[in-house]
Amino acid sequence: AQRVTQPEKLLSVFKGAPVELKCNYSYSGSPELFWYVQYSRQRLQLLLRHISRESIKGFTADLNKGETSFHLKKPFAQEEDSAMYYCALISAQKLVFGQGTRLTINP
Amino acid sequence: DGGITQSPKYLFRKEGQNVTLSCEQNLNHDAMYWYRQDPGQGLRLIYYSQIVNDFQKGDIAEGYSVSREKKESFPLTVTSAQKNPTAFYLCASRLPSGGFTGELFFGEGSRLTVL
(Lines give C-alpha, C1' and ligand atoms only; values in the text may rest on other atoms or scores of the structure.)
Protein backbone atom coordinates (compact mmCIF):
# COMPACT_ATOMS: atom_id res chain seq x y z
CA ALA A 1 0.00 0.00 0.00
CA GLN A 2 1.13 3.54 -0.64
CA ARG A 3 2.18 5.19 2.57
CA VAL A 4 3.96 8.31 3.76
CA THR A 5 5.66 8.40 7.14
CA GLN A 6 6.89 11.47 8.96
CA PRO A 7 8.59 10.15 12.09
CA GLU A 8 8.74 13.45 13.98
CA LYS A 9 5.51 14.99 15.27
CA LEU A 10 7.39 17.97 16.67
CA LEU A 11 10.67 19.58 15.72
CA SER A 12 12.19 22.59 17.40
CA VAL A 13 15.35 24.39 16.25
CA PHE A 14 16.95 27.75 16.84
CA LYS A 15 16.89 30.54 14.32
CA GLY A 16 19.87 30.26 11.98
CA ALA A 17 20.32 26.53 12.57
CA PRO A 18 19.84 23.95 9.81
CA VAL A 19 16.47 22.24 9.52
CA GLU A 20 15.67 18.77 8.23
CA LEU A 21 12.13 17.39 8.25
CA LYS A 22 12.09 13.68 7.54
CA CYS A 23 9.76 11.91 5.16
CA ASN A 24 9.81 8.25 4.12
CA TYR A 25 7.47 6.59 1.70
CA SER A 26 6.39 3.23 0.39
CA TYR A 27 5.22 3.12 -3.20
CA SER A 28 5.34 0.59 -6.02
CA GLY A 29 6.59 2.41 -9.09
CA SER A 30 8.00 5.88 -9.57
CA PRO A 31 6.58 8.16 -6.89
CA GLU A 32 5.68 11.81 -7.24
CA LEU A 33 6.32 13.52 -3.92
CA PHE A 34 5.40 16.88 -2.46
CA TRP A 35 5.74 19.02 0.62
CA TYR A 36 2.76 21.04 1.84
CA VAL A 37 2.88 23.72 4.52
CA GLN A 38 0.27 25.24 6.80
CA TYR A 39 1.25 28.49 8.50
CA SER A 40 -0.72 29.71 11.49
CA ARG A 41 -4.19 30.93 10.44
CA GLN A 42 -3.50 30.19 6.78
CA ARG A 43 -4.66 27.53 4.39
CA LEU A 44 -2.70 24.42 3.65
CA GLN A 45 -0.67 25.07 0.50
CA LEU A 46 1.87 23.42 -1.75
CA LEU A 47 5.46 24.24 -0.83
CA LEU A 48 7.39 22.23 -3.39
CA ARG A 49 7.31 19.17 -5.60
CA HIS A 50 10.24 16.86 -6.25
CA ILE A 51 9.81 16.89 -10.00
CA SER A 52 10.49 20.63 -10.14
CA ARG A 53 13.80 20.32 -8.31
CA GLU A 54 13.38 23.90 -7.13
CA SER A 55 14.13 25.80 -3.96
CA ILE A 56 11.18 27.54 -2.37
CA LYS A 57 11.68 29.92 0.56
CA GLY A 58 15.15 28.40 0.92
CA PHE A 59 13.79 24.86 1.26
CA THR A 60 14.89 21.96 -0.92
CA ALA A 61 13.99 18.30 -0.97
CA ASP A 62 15.73 15.49 -2.82
CA LEU A 63 14.08 12.24 -3.72
CA ASN A 64 16.26 9.32 -2.63
CA LYS A 65 14.80 6.19 -4.17
CA GLY A 66 17.35 3.92 -2.50
CA GLU A 67 16.32 5.08 0.95
CA THR A 68 12.72 5.81 -0.09
CA SER A 69 13.03 9.26 1.44
CA PHE A 70 12.12 12.82 0.56
CA HIS A 71 13.50 14.91 3.41
CA LEU A 72 12.90 18.66 3.47
CA LYS A 73 15.94 20.78 4.25
CA LYS A 74 16.86 24.39 4.84
CA PRO A 75 20.39 25.49 5.79
CA PHE A 76 19.41 28.45 7.99
CA ALA A 77 16.03 28.44 9.70
CA GLN A 78 14.00 31.63 10.05
CA GLU A 79 11.25 32.38 12.54
CA GLU A 80 8.68 32.61 9.75
CA ASP A 81 9.34 28.96 8.91
CA SER A 82 7.38 27.91 11.99
CA ALA A 83 4.45 25.92 10.62
CA MET A 84 2.95 22.49 10.13
CA TYR A 85 4.59 20.54 7.30
CA TYR A 86 3.12 17.59 5.46
CA CYS A 87 4.82 15.24 3.05
CA ALA A 88 2.56 13.69 0.39
CA LEU A 89 2.58 11.48 -2.68
CA ILE A 90 0.22 10.97 -5.59
CA SER A 91 -1.64 7.69 -5.72
CA ALA A 92 -4.42 7.11 -8.27
CA GLN A 93 -5.41 10.76 -8.69
CA LYS A 94 -5.35 11.32 -4.93
CA LEU A 95 -2.83 12.76 -2.51
CA VAL A 96 -1.73 10.54 0.36
CA PHE A 97 -0.39 12.59 3.27
CA GLY A 98 1.95 11.82 6.10
CA GLN A 99 1.15 12.53 9.73
CA GLY A 100 2.73 15.96 9.66
CA THR A 101 5.57 17.63 11.57
CA ARG A 102 5.09 20.82 13.55
CA LEU A 103 8.23 22.90 13.15
CA THR A 104 8.98 25.59 15.70
CA ILE A 105 11.82 28.04 15.19
CA ASN A 106 13.05 29.53 18.43
CA PRO A 107 14.50 33.06 18.41
CA ASP B 1 -12.62 36.66 -5.15
CA GLY B 2 -11.81 33.17 -6.44
CA GLY B 3 -11.20 30.22 -4.23
CA ILE B 4 -12.69 27.53 -2.07
CA THR B 5 -15.19 28.45 0.62
CA GLN B 6 -16.09 26.14 3.46
CA SER B 7 -18.91 26.79 5.88
CA PRO B 8 -19.51 26.89 8.70
CA LYS B 9 -16.08 27.46 10.24
CA TYR B 10 -17.22 26.10 13.58
CA LEU B 11 -20.06 23.71 14.23
CA PHE B 12 -21.35 21.99 17.32
CA ARG B 13 -23.53 18.93 17.15
CA LYS B 14 -25.23 16.68 19.61
CA GLU B 15 -24.62 12.96 19.41
CA GLY B 16 -27.03 11.24 17.09
CA GLN B 17 -27.48 14.21 14.77
CA ASN B 18 -26.39 14.41 11.16
CA VAL B 19 -24.59 17.55 10.03
CA THR B 20 -23.66 18.83 6.58
CA LEU B 21 -20.50 20.78 5.82
CA SER B 22 -20.53 22.99 2.78
CA CYS B 23 -17.74 23.32 0.23
CA GLU B 24 -18.06 25.67 -2.75
CA GLN B 25 -15.44 26.60 -5.34
CA ASN B 26 -15.44 29.09 -8.20
CA LEU B 27 -12.14 27.96 -9.70
CA ASN B 28 -13.76 25.82 -12.40
CA HIS B 29 -12.01 22.77 -10.96
CA ASP B 30 -13.35 19.35 -11.85
CA ALA B 31 -12.02 17.29 -8.96
CA MET B 32 -12.86 17.93 -5.33
CA TYR B 33 -11.77 16.21 -2.14
CA TRP B 34 -12.67 15.96 1.54
CA TYR B 35 -9.98 15.30 4.09
CA ARG B 36 -10.12 14.92 7.82
CA GLN B 37 -7.28 16.42 9.85
CA ASP B 38 -6.51 15.03 13.30
CA PRO B 39 -3.44 15.81 15.43
CA GLY B 40 -0.79 13.16 14.96
CA GLN B 41 -2.68 11.46 12.14
CA GLY B 42 -2.22 13.95 9.38
CA LEU B 43 -4.80 14.27 6.62
CA ARG B 44 -6.93 11.29 5.77
CA LEU B 45 -9.10 11.16 2.67
CA ILE B 46 -12.82 10.74 3.23
CA TYR B 47 -14.34 11.09 -0.26
CA TYR B 48 -13.36 12.53 -3.59
CA SER B 49 -15.10 13.38 -6.82
CA GLN B 50 -13.46 13.63 -10.24
CA ILE B 51 -16.56 14.86 -12.04
CA VAL B 52 -20.16 15.89 -11.48
CA ASN B 53 -22.50 13.08 -10.39
CA ASP B 54 -19.61 10.79 -9.57
CA PHE B 55 -17.62 10.25 -6.37
CA GLN B 56 -15.46 7.60 -4.74
CA LYS B 57 -14.76 6.54 -1.18
CA GLY B 58 -11.46 7.43 0.34
CA ASP B 59 -9.69 5.68 3.19
CA ILE B 60 -12.15 6.61 5.97
CA ALA B 61 -15.55 6.94 4.28
CA GLU B 62 -17.55 5.04 6.91
CA GLY B 63 -20.08 7.31 8.59
CA TYR B 64 -19.85 9.98 5.90
CA SER B 65 -21.77 10.73 2.72
CA VAL B 66 -21.33 13.21 -0.13
CA SER B 67 -23.07 14.44 -3.25
CA ARG B 68 -21.81 16.18 -6.37
CA GLU B 69 -24.80 17.60 -8.19
CA LYS B 70 -22.96 20.71 -9.34
CA LYS B 71 -19.38 21.27 -10.38
CA GLU B 72 -19.00 24.06 -7.84
CA SER B 73 -20.33 22.23 -4.81
CA PHE B 74 -19.27 19.13 -2.87
CA PRO B 75 -21.08 18.95 0.49
CA LEU B 76 -20.08 16.43 3.14
CA THR B 77 -22.60 14.95 5.55
CA VAL B 78 -21.30 13.57 8.82
CA THR B 79 -23.86 11.03 9.91
CA SER B 80 -24.66 9.68 13.33
CA ALA B 81 -22.92 6.48 12.27
CA GLN B 82 -19.53 8.20 12.40
CA LYS B 83 -18.10 7.04 15.71
CA ASN B 84 -15.62 9.83 16.30
CA PRO B 85 -16.74 12.85 14.29
CA THR B 86 -15.04 15.61 16.28
CA ALA B 87 -12.31 16.83 13.93
CA PHE B 88 -11.15 19.49 11.52
CA TYR B 89 -12.45 18.95 7.98
CA LEU B 90 -10.70 20.26 4.89
CA CYS B 91 -12.10 20.53 1.39
CA ALA B 92 -9.83 20.81 -1.62
CA SER B 93 -9.98 20.97 -5.38
CA ARG B 94 -7.53 20.73 -8.26
CA LEU B 95 -6.99 22.04 -11.73
CA PRO B 96 -8.98 20.39 -14.48
CA SER B 97 -5.93 19.11 -16.34
CA GLY B 98 -5.91 15.50 -17.52
CA GLY B 99 -3.08 14.44 -15.25
CA PHE B 100 -2.85 15.28 -11.59
CA THR B 101 0.13 17.58 -10.95
CA GLY B 102 -0.15 17.15 -7.20
CA GLU B 103 -1.32 20.63 -6.36
CA LEU B 104 -4.50 20.82 -4.35
CA PHE B 105 -6.17 24.09 -3.38
CA PHE B 106 -7.58 23.96 0.11
CA GLY B 107 -10.37 25.73 1.92
CA GLU B 108 -9.98 27.21 5.39
CA GLY B 109 -11.60 24.22 7.02
CA SER B 110 -14.56 23.47 9.26
CA ARG B 111 -14.15 22.43 12.87
CA LEU B 112 -16.85 20.07 14.05
CA THR B 113 -17.33 19.36 17.73
CA VAL B 114 -19.74 16.72 18.94
CA LEU B 115 -21.07 17.40 22.42
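Novice: When you look at the overall build of chain A in this model, what are you seeing that I'm missing?
Specialist: Summing up its helical and strand segments, chain A has zero helices and eleven strands in all. Secondary structure elements of chain A occur, N-terminal to C-terminal, as β-β-β-β-β-β-β-β-β-β-β. For 107 residues, the compact-globule formula gives about 13 Å, and the C-alpha radius of gyration of chain A, at 13 Å, lands near that figure. Oriented by its inertia axes, the alpha-carbon framework of chain A measures out at about 40 × 30 × 25 Å. Within chain A, buried positions represent 46% of all 107 residues.

Novice: I'm lost on the pairing of strand β10 (residues 94–97) of chain A in this one. Help?
Specialist: In β10(A), alternate side chains face the same way, and those of A:K94 and A:V96 on one face and A:L95 and A:F97 on the other are all buried. In this structure, the hairpin formed by strand β9 (residues 83–91) of chain A and β10(A) is closed by a connection of two residues, where A:A92 is found at a positive phi of approximately 50°.

Novice: Teacher, can you tell me more about the interface of chain A and chain B here?
Specialist: Accessible area lost upon the coming together of the parts serves often as the stated size of an interface. Counting from both sides, the interface comprises 17 residues of chain A and, opposite them, 22 residues of chain B. Three residues stand out in chain A for area buried against chain B, namely A:R43, A:Q93 and A:K94, and they jointly supply 35% of the buried area on that side. For the pair chain A and chain B, the number of links is one salt bridge. Here A:R49 and B:E103 are joined by a salt bridge, their closest N and O atoms 3.4 Å apart. Our enumeration of links across chain A and chain B arrives at ten residue pairs in polar contact (both at pLDDT 80 or more). Elements with a contribution of two residues or more to the side of chain A that touches chain B: β5 (33–38), β6 (45–49), β9 and β10 of chain A. The class makeup of the residues in the side of chain A that touches chain B is nine nonpolar, four polar and four charged.

Procedures and definitions
- Residues numbered from 1 in each chain as written.
- Chains lettered and ligands numbered in written order.
- Predicted model: local features only at pLDDT ≥ 70, side-chain atom pairs only at ≥ 80, totals over all residues.
- Heavy atoms only, no water.
- Helix = DSSP H or I, 4+ residues; strand = E, 2+ residues; numbered from the N terminus.
- Rg over C-alpha atoms; globule rule 2.2 N^0.38 Å.
- Buried < 20%, exposed > 50% of the residue type's maximum accessible area, 1.4 Å probe, protein only.
- Pairing = 2+ DSSP bridges.
- Contact = heavy atoms within 4.5 Å.
- Buried area = accessible area lost by both parts, 1.4 Å probe.
- Salt bridge = Lys/Arg side-chain N within 4 Å of Asp/Glu carboxyl O.
- Polar contact = N/O pair within 3.5 Å; in protein donor to acceptor, adjacent residues only side chain to side chain.
- Nonpolar A, V, L, I, M, F, W, Y, C, P; charged D, E, K, R; others polar.

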